[in-house]
Each structure stands twice: as C-alpha cells, then as structure tokens.
Amino acid sequence: MKNNVFLEKIYRLKNRRIKLILNMETRETIDHVGIIVGPTPKADHSFKHSLNSSYKIIDNNLEIIISYKEFSKIPDGSIIGLMITSENQARYIEIINHLKKKFSVSFSGETYLISEKEDRIKVCKKSSKGLILECDEILSYKGKRFELSGILYNGSNIHEPKINNVYLQNEDTKEKVFIENFTVNYSVNTFKISINLNIHPLYEGEWNLFSTINVNNKDEITSILFCKEQSKLQGDYLEYNNSLHYYEVYENKQSQVAFHIVKNKRKFISFDINGVALERNLLTIQGFLQVSLISSKEDKVTNIIFMNRDTKEKVNLPIDIDNNGAFSAKISFDDENNLIKENGTWDVFAALCISGVNELTRININSNQTSEEFISFSKPIYNNQLGFIKNVRSYKTVGGNLALHVTDQIVTCDITKAELEDGRTIVNGFVFNGDLDFSLKDIHLQKINGEEKIICKNEVKKDNNLFYFKTEIDWGTINIKEIIDSDFQFIITIIVKDKEYPLELVSNFDDISNKSRAIIYPLLRANNNGYPLQVRHFYNRKNAFLVSIGNTLNAYCIALRKRRKELEFEISSDIDQTLINSNDVELVLKNRNLDNEIKLSPQKNANNKYLFRINESLIKNLGLSIGSYEIFFAIKVNNFGVMTRVKGIDARIIERNSTFKSNAIRMNENIYYSLLIDQKSTSLNFEIRELKVIEKSGEKIKFLLAKGLAKMTRRFIKKPVWLIGENLGEIAQDNGFAFFQYCMKTENSEKYYYVSKQDNKNAENIKPYHANVLLYDSFKHYFLYWVCQYLIVSHGIRDTIPSIVHNKLNNNPKRIIYLQHGIIAMKKLQFNKDSYNGKIKKFVVSSVHEKNILIEKMNFKPKQVMVTGLSRFDNLIDKSKDNKIKEILLIPTWREWLIDSKTEFLTSEFYNQYIGLLRDPHLHGILEKYNLILKFFPHIEIQRKYMDSFSSLNERIEVVNIDKTTVRDLIQESSLLITDYSSVVFDFNYLRKPVVFFQFDLHDYLRHRGSYVDLRTDLIGDIADTKLELLNYISEYVKTDFKYKPIYNIKSKKYYAYHDQENSKRIYEEIKKIK
Amino acid sequence: MKITFLVYNIYGMGGTVRTVANIANFFASKDYLVEIISIRRTSENPLFILDPKIKLTPLIDARRGMLFRANTPGYKKFLINLLLKIPSILIDKNEDLYKMFNLFIDLKLRSVIKRINKGVLITTIPSFNILSVKYSNKAVIKIGQEHKFFEAHPEGLQKKIKKYYGKLDGLTCLTSSDKANYEDVLKEGQVKIYKIENATHIPEETAKLDKKVIIAAGRFSYEKGYDLLILAFSEVIKKHPDWKLKIFGTGGEEESLRNLIFEQKAYNNIYLMPKTDKIIKEMINSSVYALSSRSESFGMVLIEAMSVGVPCVSFACTGPREVILDHVDGLLVEEGNIEDFTNSLLTLIESESLRKEMGTKAKENVERYTFNIVGGKWEELIQEQVKQKQKS
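Residues numbered from 1 in each chain as written. Chains lettered and ligands numbered in written order. Predicted model: local features only at pLDDT ≥ 70, side-chain atom pairs only at ≥ 80, totals over all residues. Heavy atoms only, no water.

Engineer: What is the right way to look at the overall build of chain B in this model?
Structural biologist: For chain B, the count of helices and strands is 14 helices and 13 strands. Compactness check: chain B gives a C-alpha radius of gyration of 22 Å against a globular reference of 21 Å for 392 residues, within 12% of the reference. Referenced to the eigenvectors of the C-alpha coordinate spread, the extents of chain B come out at roughly 60 × 50 × 40 Å. Looking at chain B as a whole, 57% of its 392 residues are labelled buried. The long-range share in chain B, meaning contacts at least 24 apart out of those at least 6 apart in sequence, stands at 65%. Accessible area for chain B stands at about 17,900 Å²; split by element, carbon and sulfur atoms hold 51% of it. Taken together, the 58 basic and 48 acidic charged side chains of chain B have centroids lying 9 Å from each other. (Helix = DSSP H or I, 4+ residues; strand = E, 2+ residues; numbered from the N terminus. Rg over C-alpha atoms; globule rule 2.2 N^0.38 Å. Buried < 20%, exposed > 50% of the residue type's maximum accessible area, 1.4 Å probe, protein only. Contact = heavy atoms within 4.5 Å. Areas by Shrake-Rupley, 256 points an atom, 1.4 Å probe, with all protein chains shown as cover. Lys, Arg positive; Asp, Glu negative; His and termini not counted. Charge placed at Lys NZ, Arg CZ, Asp CG, Glu CD.)

Engineer: When you look at the packing of helix α2 (residues 74–85) of chain B against helix α3 (residues 103–115) of chain B in this model, what are you seeing that I'm missing?
Structural biologist: Angle between the axes and distance between the axes are the two parameters that describe a pair of packed helices. All names here are of chain B. At a closest axis distance of 5 Å, the pairing of α2 and α3 adopts a crossing angle of 100°. As summarised for this structure, α2 and α3 are arranged roughly perpendicular, according to the angle between their axes. Where α2 abuts α3, its residues Ile80, Leu83 and Leu84 lie against Leu103, Phe104 and Leu107. Here the residues of the contact of α2 with α3 are counted per class, giving 6 nonpolar, no polar and no charged. (Axes fitted to C-alpha atoms, helices over the stretch in contact; angles between N-to-C directions. Parallel < 35°, antiparallel > 145°, perpendicular 65-115°, else oblique. Nonpolar A, V, L, I, M, F, W, Y, C, P; charged D, E, K, R; others polar.)

Engineer: Help me understand the interface of chain B and chain A in this model?
Structural biologist: Put simply, an interface is often sized by how much accessible area is lost when its parts join up. Contacts between chain B and chain A engage 14 residues on the former and 17 residues on the latter. On inspection of chain B and its partner chain A, the count reaches 2 salt bridges. A:Asp511 is paired through a salt bridge with B:Lys246; the nearest N and O atoms lie 2.9 Å apart. Joining chain B to chain A, the criterion identifies 3 residue pairs in polar contact (both at pLDDT 80 or more). Among the elements that line the side of chain B that touches chain A, the one with the most residues is strand β10 (residues 270–273) of chain B, at 3 residues. Among the residues making up the side of chain B that touches chain A, the classes are represented as 7 nonpolar, 2 polar and 5 charged. (Salt bridge = Lys/Arg side-chain N within 4 Å of Asp/Glu carboxyl O. Polar contact = N/O pair within 3.5 Å; in protein donor to acceptor, adjacent residues only side chain to side chain.)

Engineer: Teacher, can you tell me more about the domain arrangement of chain B here?
Structural biologist: Residues and elements named next belong to chain B. The domain architecture assigned to chain B consists of domain 1 (2–199 + 370–391) and domain 2 (213–369). The C-alpha-based centres of domain 1 and domain 2 are spaced at 29 Å. Across the boundary between the two partners, domain 1 contributes 22 residues, which contact 16 residues of domain 2. When domain 1 packs against domain 2, the two sides together hide about 1,500 Å² of surface, and 56% of this comes from carbon and sulfur. Broken down residue by residue, the surface that domain 1 buries against domain 2 is led by Met13, Arg18 and Thr370, which jointly contribute 32%. Of the charged contacts, one joins Lys195 and Glu322 as a salt bridge, the two residues approaching to 3.8 Å between their closest N and O atoms. Here domain 1 is connected to domain 2 by 5 residue pairs in polar contact (both at pLDDT 80 or more). Among the secondary structure elements, those contributing two or more residues to the side of domain 1 that touches domain 2 are α1 (15–29), α6 (176–185) and α14 (371–391). (Domains from an automatic or database assignment. Buried area = accessible area lost by both parts, 1.4 Å probe.)

Encoded structure:
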C-alpha cells in the first residue's frame, strides 16, 4: 500500500456534519479507517487523539464523515491523519493536502479553518468574531405552534448584545413576519422563541428565521442557525389551496432555521366497501374504513362527498362510524339540498378532518372481497317538490374507485311498430323501469326549442310492470298553423308519487345504439284540409324519436345557364308525386337579415318546366341589395300557399354550379351577382356581392407571377425576409406589433415587414414604419410571401398570408413562428402541433407550466415550444400610480352560451350578478368616499347587442367604448382589476397590480369551457364567490392603496418565467437558433 | 422466405380481405416475411388487425386529400390527374372492380410486380393472376387464387385464363368442384391446382339463439340477392311480427332495397344497417343467418356465422353447398326459390330446439376451416412449390 493519501475535497453536510473526500490507491483489503489528530503529522508517540467517524470506500475514493460535535474536540493547530487497519495491523497514514481553496466552518461560537496552503491538514481554531444564534431544540405542537430554544454565542469583541426582534422572511417575496413571542436570558446566553403559525399563516416558498440584534450600538441582521441532529421536523397540518398541507421546519442550505409548507401526499384512509345501494330514493354506502395516523381526537372522517368531475359541484353525506371502523353513509334525495343535478360522472370521496382541514380521499374499491355486484346499480332518483328525476348508476372506475354516473335516461322503451298510413301515425311500444314505482300518463309531441304541443290519442295498458302504449296522431285534422316546417319530439309523461315528469321518448330497449341511419321510415303524406302535409319520422343519434313536418312539394333546378347579361334557370316541381302544371307559381327570395320576401314570376311555362331569368334591371326593379338569398318555390294549393326550397338533383348540375364564381355576372364596378347550388345541402342560392380575392381571375395570375419573380430574384435578396402580423392585419397593438417594433429598433440582420390592411385600427402606431408596412394582398405582399423565411404571427397564420391562400392552410409551405396572443391557462383550446401543416417551428409561451400544457394537452414536441414570455409584456408600463383618481377595471369574460335571445340574457345569472354589482349602493359609496372610478368593459358582443341593458348607472361608473380606447391603456391606467376568467389578468398581474376574481358561476364555466389550471387554487388574485365578498375585497384594496399581495408573486411564477422586458429579445434569439 | 400478396384493398371490409388478412397473419406467425401490396388505401389502418411484422404497401392513397403530398408540384398533379381519368388497359373489362382501375394504377401495378424478384407472389383476382404471369420475375413462385368456377367468367376472360393460368406455379380453389373444373380447363398447363378453403378463427363465444333477430351481411349488390331476402322475410313477418331482419352493408342498391322494404310495408322489421367491423358480435346476438346470394363462390360469412353457433339458411350455390350440411348444421334452399326460403326461415324461427341443435353442429363442423387445417394446407403448398422450383 502506498503511503500517500490525498485530501481532495472537504465540505459541510446537513445535520451538522463534515465530509472529507480522500484519494488513495491500494490493493489491500481495508478493515477499518479512523481519524487521528495530534500535534505532528508523524507516526510518533506524541499525544494522539482519535475521533468518532464513519467512512465509505468507493474505488480509490475514501469518504469520511465527522460530526460537528467530534470535530469540535480537535485542539487548535492539530494535524489530521488516518489510522488504517489492514490484515490485523493498524498503521498511521499521513494525509497530503490537495485542497484547492480554504475550508472554514463556524459553530457554537468557534470558527475552524483548514488552509489550502499547508502541506498537511492543519486545523486552526478561533473564537468567532460575530454573534451566533444556534437553535438546538425545536418542538412542534398542535395548533400550528413551534417552540424553539438555543444558545447565543457572543463573539470575541461583542459586548452586551440585545435582540431587538425575531422574524421569518420569505425568500422570494421578501415579506417579513415578526414573531413577538421570544425571550432571551442574557446571563446564561439562552433564548426561546415561540412561533404560532395560526396567527401568522405562511404561504409557499422558503421562510428563513432571522433576528435583528443590537451589537455595539449597531443593528445587525443574523440568521438563526439550525443545530439539531435530524434535519427536519413535521409540524401541524393546515389548509392551503383547498388541500391538506403541513408545516415543516428544516435546515436550509445556509444551515439556517427555515419553514415551509408541504403538500400532504400520504393516504390516511383505507377502505373496504361492502355495499352501495339505492332503495326508495335513499342511497347508502357501507363498509369499513381504517384511518392511519390520527394525532388528536378532533381528527376524524367527517362525511362522504360526491363531486362532479367537470363542474366540481359537491354533495355531502353524513357518515356514522363505530369503534371498529364500520361505517355507513346515507343520503336521501327527498331532501332538496341533496340533489345530484348535473349529468355526468360524480366521484366519491371521504373527507378526513385533520387539524380542522378537510382532506378528500377517493373511495377505493380495489379490495378483492368487494364483488362488483354489491356496488353496482342503475336506478332513478327523484324529488317531488322540485319535479326532478335522474337515473344514477354506480360503478367501479378503471382506477378502481367508486363513482356515480348520472343521466336523464329514466325508463327503458321500445318502439315495436310505427304504422304510417292513411295520413295517420300510430306508434306501438312499451315502457318499463323495474326500480321505479310509476305510471304512464300520456305521450305527446313537443316542438324542438319551442312551446307548441301536439296532443296524441293514447291507449295505455299495464301488464307485468310493462306499460304497453299505442299513440295516434291524425295529421288530417290537427291545426297546422303553428307546426308547419318544424321538428317535434315524442315526449312521454310519467307519474311518480302524484308528480308528473316529462321525459324524452328514447327507443333504447334493443341493442341498436344508433338508429338514425339504421331504421328509416317512409314519408307519410296527409291531406290537411287541402294542405299537402308531409311527415318524416326518424330517430336521432341518441335514439330519441322525432317527426319533421313539412309539405310534399318538391322543386328541382334542372338547368342553369349563364348568358352574357343574365342568368337563366329552369325548375321542375311536383306535389304529392304529380308534376305541377299551374300558372300560379312564383319564386321567393329570402334574406336572413331582411324581413321582406322578394317574389319572382316565371318567364315561361312549358312541359312542366318553369323558366326564370335574373338580370341587372330585374335586380334593380326588385330592389335587391348586397347579400345572400335563399330561393324557394311557391304555389297555391287549395288556397294555401305552399313553399319549398329549390334543390339541385342532378349531380353534374350541382357540381358545375357549386361556386359563386361559376355563374358570376358583373353588375357595376366590382359588384357581381350569381346563382349557386350548395354542394352539401344541394340548395339553390342567389348572391350579390364583391368577388373575394381568390375568385378574381387576375389575382391568381398575379400571385403566380409573384411566385415566379420571387424564384428568379431570390438569390439577389441578401437579407432574409420576415413577415410579421396580428389579427388578420386589422390591428397593431399586440404581440406581433411589439415584436416588429423590437426588430425594427434593435435588430438588423433581416428585413422585417408588418402586414397590415388598409384600414388598420391602430394606423397611428404603424405610421412611423410605413416603409416596412406591407399592404395586405398587394403585389408586394404576394412577392414577399414567396420570398420570406418566416411567418411570424400572433393570432393565426392568416395574419400574414395573402387571402388567396387562406383556404389552403393545410398546404402552407412557410415556416411559422407563433407569438401567441395570451397565456394559455384558463381556457381550453382546439389547437395542436399539426395545425398549419405541421409548420409551426416555434410557439411562444411564458412559462414552463404553459409549455407543459402545450406538450401534454396539444401534443406539441418540446423543441417546438420556446419559453420566452410574450412580446407585448415588454412594452407594458404601469401608469396607474400617477392617477389622482384611481381606477378600478371590471372585465367579464364572454360566455357564448348566453347568446341569441335578449330575454334569456336578461334573466341570466351573468346579467343579474353584474347589474346587481353595478347598481349596488355600497359600491357607489366606496367609489364616492375614496374618489374612485370604475370602468366597466363588457365583451364586444355584449356591447353590440345588449348595451342598453347596462344604462343609468352611477356617475362614477363608466362603460368603456372599445372604439375610444384600447385594452392595453385600460390595463396600464387602472389600479385594480375585477374579472372572472379573462386572460387579461396575465397582462395586469405582470405589472404587479392586484386582481380580484368574481367567480359566481364557476361550475357553469367549467362545464362549458374547461380550464388547464385549477381555477380555485392556481389563480393570481383573491377569489370572491358573491357580491358581498367582492365588495369586501374592493374595500380592503382601497384601504391599502391597492397594495399587491406578496403571495401572488409566488403564484405568478407558474405563469411567467421572466420579468425583465427582454421577451422580444429572447424570441429573436430563439428564432435565430433554428436551423 | 418472403410471401407477397397482391390485393385490391386491404383496408376495406368483406370476405376476401378478411381471408387475406387471416392467411397473412398465419404466415407472419410462422416467421415468413410477409408483404401485402394493396392497390388502394382507404383508411388510416386496416379494419382487420394485422400482425405488426407484415409490411403494407398501398399503391395509391384514396383517402380524401391524401393522393398528393403537400408539396407535390403542380405539373405532377396535372399529369397524375390525367392518368387517373384514362381507363385501365391491364385489368380485364369484365372484372367487377374494373371501374376502380386506371392508367395511373396500371403503371404503378406493373412496376411493383416487376420489382418482386424472389419468394412467393399470391394474387387474388383473375386479372392479377394474369399480370403475375406476364410481368413477374422467373424466380418468383406464382400462386393465383380463384373464387369462381371457370364458366362463371365472361368469355373474354375465359380466353385469357386459358392462355395464362397454365403458366402459374399454383392455383388455389375454394371447393372441390372448382378444383375439378380448373384441372379440366388447364390440363395442358404446368400449373398445379389445390383446394384450400378460406380459414377462420373459431371464437369462444356462442350465440344463445334466443333473440328474435335474423341477420345478413355484405355489399348491397344484385349478386347478394337481398331483394329476394326482403321478399322472403316479408312473408315471415306476417306470421311472426316480432322478428327482425338486420342487413349490414353499403352499396348502390341501398335506395332500391329501401323502396322494396317500404313497398312490402316491412320497415318496422327489416333494417338496412350501416356496415360494421363487429359483425361477429352482431352474429352472436342473432338467431339465424340468411344468405340469399344469387351466386356465392365460397361463403366465408357462413363459416363465420356457424363458428359462433348460428344456423344458416342459404341458397344452394357452389360455395354454401360445400359449407353447409343440409338439415344437419343449416338449411339449403333451391337457388332462387323465395317460397322455400321463407319456409326454411320459418322452420328455424318456430323451433328453438332445432336452432340450437343445428347451431351446435355448425360450430363443430366448421372446425375444418380453422388455421390448424387450412394453414397446414398452405404451408404444404409453399413447401411443395419451393421444392419444385429448386428442381427446375
């Protein structure tokens, strides 16, 4: 064995230990290694002292670990050596110093130093100069309390130190929490600190313990050191982000006492479910449960919870548990508070209360003993007060958990026979449900999306739980006024405990899961007092039984000719299968946006064919304006006006006339008119409009010319060309423009063009760059499109490509950089990596979290995504501070499910909540008292349709007109944002200004839209469920002068990786990295 | 050893496709190198599950918008579009699928056959068999498959068959009578003729035969005789209005079949169902299978129905005659005799015990079409042919 052993490295470990890494070469088997210290480096007989240590040999490396306690026994000036035992022989081995830098460690008032300059390992010991606080005992108590005690080491030149205060400071937000409860005994130099986190709840991040000490008349900040052997200690549980967390105290990298909160990952409950049953509206879950780790008597399972998987609605079941863990939970659906209203999947949880926090654990039924038949049922529940009925099925999920599936499928029905003859519909079938005590009242037809009903003649016979029915409609005798040209559905009304429930009649008895294409009925004709009625019976894809009511008139366009100055077409028509030969026919043109119908008479009638002509003078005479017109054929039958849509019938005629271009005739300047047959519906339409770019004959040539020119001149164009744009070239205020501005200002290696339409809304912004602004669809645009290297877009590829290729997105040959127009988080999107022909080279995101959404939910490849931050963030400036009158901004998200009818809008919860807020006297009071303005900015659709519904508000409430200001200005100017789910928050929060989320309809939003983040826990602002809570938050913020809460700095980390106004620069650099 | 199949569309449905898929899977499981050349590709993946070791080579991608790649140059598109419009010269005009071929496919087909230089080439329709003789390499063992008897082919094709089939190495027929028929026609050639039935798996499940459902499946074409079936079943309903007939398929005759159902006022009982890839499951949920074809060379679908214990009623064409043992595991009806067909259906409808008896027998009797038997025949054929080739 060689005598030389080298010390390569030495460093501190956690738990107050030191590690030495030595290099030695040996082939011997080593039995033991010990540390020896003494005044000389030799194996002489001078006084030597051995230290307790542990060691490990890996190849040629020897690792030795010594505790601080042992290390402190080394006398000053000692030299460290090794005592190696091998083959029963102990030998002293010298260590040669190979350290590259000096090592020092301070504890318990002493500093130990090993210099790299010495040949041997010499330990010098000195009293520390500064003051040291060492905490050597930490205890955790229920009630979120920690007791710390330790020793205060006075430094060599310190006299009469005085501890002023003790505080915890968050590493990220720098927020301080002062601990009032501490005592110091200066005579024996000990201290005690009592930290009650019930009073000072902490949030995520590292909270380090400091003390301000007055030393020699100066205040010094000192870390309180962690001097316990085990490196961490679990504290009490708390609720954070709606889930169970616990406090933990630990030693941080600087050996300091630190606190943080940790999400609980343990499962505390195990289940053995032996029965889930639904009997007479009472649902019972029975079994055994075992709770591990209960720290106090108050910790227990409090109830069972059903939670809807999409909307997160909850229903609570009380639970009874005996001493052995046998439990039963019951819920009666007769109680209207317990209703499971929402269709879909409901997961089942047990709620365990730990230290006052509810922890939800899914109920698992993986146990072998639990047979599926004991937990599976499919039965109806109902509530007579509310007239509510649903079917509930319980089952075991793929993951082995208990779940419920709720549907409207209450009864099983079979339509055995539909007799469609003599103008009569007779439907025979049966209905049953073995688990529901019900009777069948009647069957009728209900208009789809309407109120009208058609009463049927019913015969019902009960036989062995089966209700056989025969329902009859005589189409000849009913009043057709309200029913013509509409669809009706068969509705079956059942009675449960004297209460009527109307249900869809769904033929679901047999195994045909989709009858819509399998079972086809012949058309039924009926003479209704002379009106030629036609009824079509059909199933939809869910097997609901419907009828469509129309007439027997058919009209077909059998010829269509384009003449020089007119369009000529022939129509043949039949009714009740006989060709029509009448002079009392006309064409009716209907425009969806106009109320009046335009009528046109035939030119000629011969051989059952009607000839029509349309030309410019006729259009003028009829007063037809620009637009699209549906064409109907109308005749008089027995004094009834009967009308039908004109259709194409011959495949060749349809194909030849399927585009506007095929028959377009120029009228004046650039207005054309044309007839076309829609290929899908085969309906004939008349249109008057300008030609689209792609329909212009010259345009294609121009485009090809540009392509040729680009090919020829490409080699002479030295700098690569980048086309940048946003929102179809209609605006210049978003990421596209911000990035363009950056490139123009800072970079010069490429030619940059901003693609803009003539009437850009932000014309002012682009004015300074007019030489680099590319007019949408100009020849230069075509040319540069073919030349360019990248399309850099904000909203979509149409931002930069000419209209002529808009319908060929899937063939797009150009590489795309996607700048994005918001942060993807609160709204689910339909987008994936293959969009745009898979040409997206780079997609801008703001954080790793967002990158993961793209990769996991939209299948992007990691290299397609760049974490840089949005361009427009670079230009955001907070202008609110200078405002004398502070502004509050209120921006609700658009809910497309509230559209169309005004009555629906006015009765919606959305309208009522917002109008209630805006008219609230308390809000007006706050605005008045603190001299504030509230700017209300409803979605453009609401502005357009229902703005008058928001009139006559307080004078301090201003409804923002989108034409007069930009969202960006609003963001910059205001001090507080109130929204629900709008991604505007990410711009607002970027400026570190507070946000309050007003989420009164979270369940609805989740059902309609869905979100990638948890809208309860991941948001960067306070959440108010009610108007009252919202007003409280508003006054809170008003009183703190809109101070941003530090916790949201931490929550923001998820959404922004950078905050440095270099987003555009990073994007530019990432683009340049693409090969 | 490499085995190449040439088929029209391995991505489609129907008996031929299933048979090829079954044999190809069998060979792949025996570690042969298997490639299937499919003229067309109509979906992302074949409907029948294929061994992942099998190489698929579609000649043209007939899916919407997939014919050209995004960057196919314009002149090429123009040329291809032109070729696609010119009728085929390689495929015989009498071939059922003639209209689906064109000059573009001809060119691709010719070059793909010429490229095969070793192993076995198995071709599935007469025109392919002929092309195999014309263009493939001498070293290749050329096996043709024949599903019809000789006289069933039109005269023009008959001439070609006489001229070229003799130069095949092997020809497989489905039935004994077909084999005898071709041995007679091709007695001057060197070709060896085999009888190999189409093979199937016997599923574990067996139909309970308690549902009042009769089914049929296949293209809606004149040949399949569904019009006859509708007429026959319309008579059945008069006695048994609670029985239903489900016909699975698609095709040009749909409209006229639908009108016939309306005419017969049988729309409550006869359903034209969209084609399905779960036909076995549908068979398990039925009680009788009805085969009403005007001609059927083999009747793969009968074997499938029988394999889940469903008794069949069928017109006694060549194929069914060999598959069904009349009054033992099914009922054969004189070809075209609708009244007898109705009566046979009634016989089975009215006796559950008879259905069960025949169903059980049927499941036993189709054992001869399993891979153990049929696969063995194919392996024998290949080995014999390889020896033959080595000799010469």
